[in-house]
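# An overview of the molecular structure
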Amino acid sequence: MQVSQKDFEKAQEQLKHLKKDPGNETKLKLYALFKQATEGPCNAPKPGMMDFVKKAKWDAWNSLGNLSQDDARQKYAELVSSLVSAEPAVQKEEASPEEGRHDGYETIIVTTKNNITKIMFNRPDKKNAINHKMYREIIRALQEAGKDDSTIAVITGNGDYYSSGNDLNNFTNVQPSEMKKMAEDGAVLLKEFVGVFIDFPKPLIAVVNGPAVGIPVTVLGLCDVIYASDRATFHTPFSQLGQSPEGCSSYLFPKIMGFAKANEFLLFNKKLTAAEACAQGLVTEVFPDSTFQKEVWARLEAYANLPKNSLAVSKQLLRSVEKEKLYAVNSEECEVLKERWLSDECINAIVNFFQKKAKL
Ligand SMILES: CCCCCC/C=C/C(=O)SCCNC(=O)CCNC(=O)[C@H](O)C(C)(C)COP(=O)(O)OP(=O)(O)OC[C@H]1O[C@@H](n2cnc3c(N)ncnc32)[C@H](O)[C@@H]1OP(=O)(O)O
């Protein structure tokens, strides 16, 4: 059944009013079908490898080969109509702002209640991947939590993931001439981010509600208590990303887990279950997911009623011996990563991630 130009234009209009983001893969499919329908087979020059977004779009269009414009128009209209029918029938009521919620954050939700400041990663559609804005918001939230009248601070994730770590888009849309600056700026931001964990003056509790990847795992060594749901997993895929450890994990994880286990984790990308992470000392306790939030928050509220200053000075005693060492390790890890981010090993790994995403 041929799709008229009018129906094709109607589909384009409907697309503009979609409420739910269809995701990168679908957007690439729509882009490719639109180009094929309006311009025919891909006739653009192939972008450079470094220009990940343009390359992914070119690949998507080029992969349609000689699909006719009429067929492309029809597939486009069918895809849009499937997205429209998948839209939520009624837009969910905006959740009423949580009691004690702090304004001025977009990628995290910060609340202070019952002497607890909770920092919740809030990019669930992206598995709480940490983009530059989120690094800066977490830094600010921790700096403020360190000075507010809470007794303890908690970090957790919204949705099914704790966090999938560094947002790999942080490396995209970078012109070749800007790569060195990207790496330098990234190292400065990372050093500040890890530094705020090193310096945090109150008990910092990680409530690991789901899978955790990369930097949210490595900074667990700088947290004081780590409670995990039994559906959480812990993964530091640094070598497969052509990168290297951060978060002071290159120093703390061998101390926590022993070299043999830390090497398997940090060098060879071994993913740990919550039970394994607990057995290796990275996690304090694991709870059944069905009762995780209830059990953990009951404990945290009890902890938050303890004498605030006693907790702060005791944490200081526990951490001060290593502080200078941690600053030095953080600096060294950031220096090494600056070089890693410019390496072919890392660039190829990031390109592969996005090319896998772009496969039609
Ligand atoms: C200032 C710089 C500081 C750098 C510090 C150094 C830090 C290092 C690290 O943290 S290394 C670890 C980096 N993280 C990853 O490599 C994980 C990448 N993501 C994945 O492998 C997968 O997404 C997954 C296994 C986490 C989840 O897979 P799945 O369940 O199949 O979900 P999707 O892949 O469909 O994810 C949904 C949606 O989210 C996007 N997304 C998820 N994680 C990331 C990420 N880390 N970076 C960018 N985007 C991510 C994914 O692309 C999907 O988006 P879409 O719906 O397609 O638009």
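Predicted, not measured: the structure shown is a model, and the values here were computed from it.

## A few points about helix H3 (residues 52–62)
Burial in H3 covers these residues: Phe52, Lys55, Ala56, Trp58, Ala60 and Trp61. Its buried side turned inward, H3 meets helix H2 (24–39) and helix H14 (344–358).

## Focus on the pattern of salt bridges
Tallied over the full model, the rule gives 19 salt bridges. Between Glu144 and Arg140 there is a salt bridge whose closest N-O contact spans 3.9 Å. Residue Glu144 and its partner Arg140 are both found in helix H5 (residues 132–147); the two are separated by 4 residues, about one turn of the helix. Look at Glu144 and you get partly exposed, because its relative accessible area is 36%. Note that Lys255 and Glu322 form a salt bridge whose closest N and O atoms lie 2.9 Å from each other. Taken together, the residues Lys255 in helix H8 (residues 249–257) and Glu322 in the loop between helix H12 (308–320) and helix H13 (323–340) connect sequence positions 67 residues apart. What you see here is one network of salt bridges that share partners, running through Asp224, Lys315 and Arg319.

## Observations concerning the environment of Phe253
Locating Phe253 in the fold gives a position in helix H8. As a C-alpha pair, Phe253 and Leu266 span 13 residues in sequence and 8.5 Å in three-dimensional space. Apart from residues lying up to four places away in sequence, Phe253 is in contact with Val217, Thr218, Gly221, Gly258, Ala262, Phe265, Leu266 and Leu282.

## Concerning the domain arrangement of the protein chain
Annotation of the protein chain at the domain level lists domain 1 (5–86) and domain 2 (108–359). Measuring from the centre of the C-alpha atoms in domain 1 to the corresponding centre in domain 2 gives 37 Å. Between domain 1 and domain 2, the residue contacts involve 11 residues of the former and 16 residues of the latter. Across the interface of domain 1 and domain 2, roughly 1,200 Å² is buried in total on both sides, 62% from carbon and sulfur atoms.

Procedures and definitions
Residues numbered from 1 in each chain as written. Predicted model: local features only at pLDDT ≥ 70, side-chain atom pairs only at ≥ 80, totals over all residues. Heavy atoms only, no water. Buried < 20%, exposed > 50% of the residue type's maximum accessible area, 1.4 Å probe, protein only. Helix = DSSP H or I, 4+ residues; strand = E, 2+ residues; numbered from the N terminus. Contact = heavy atoms within 4.5 Å. Salt bridge = Lys/Arg side-chain N within 4 Å of Asp/Glu carboxyl O. Domains from an automatic or database assignment. Buried area = accessible area lost by both parts, 1.4 Å probe.

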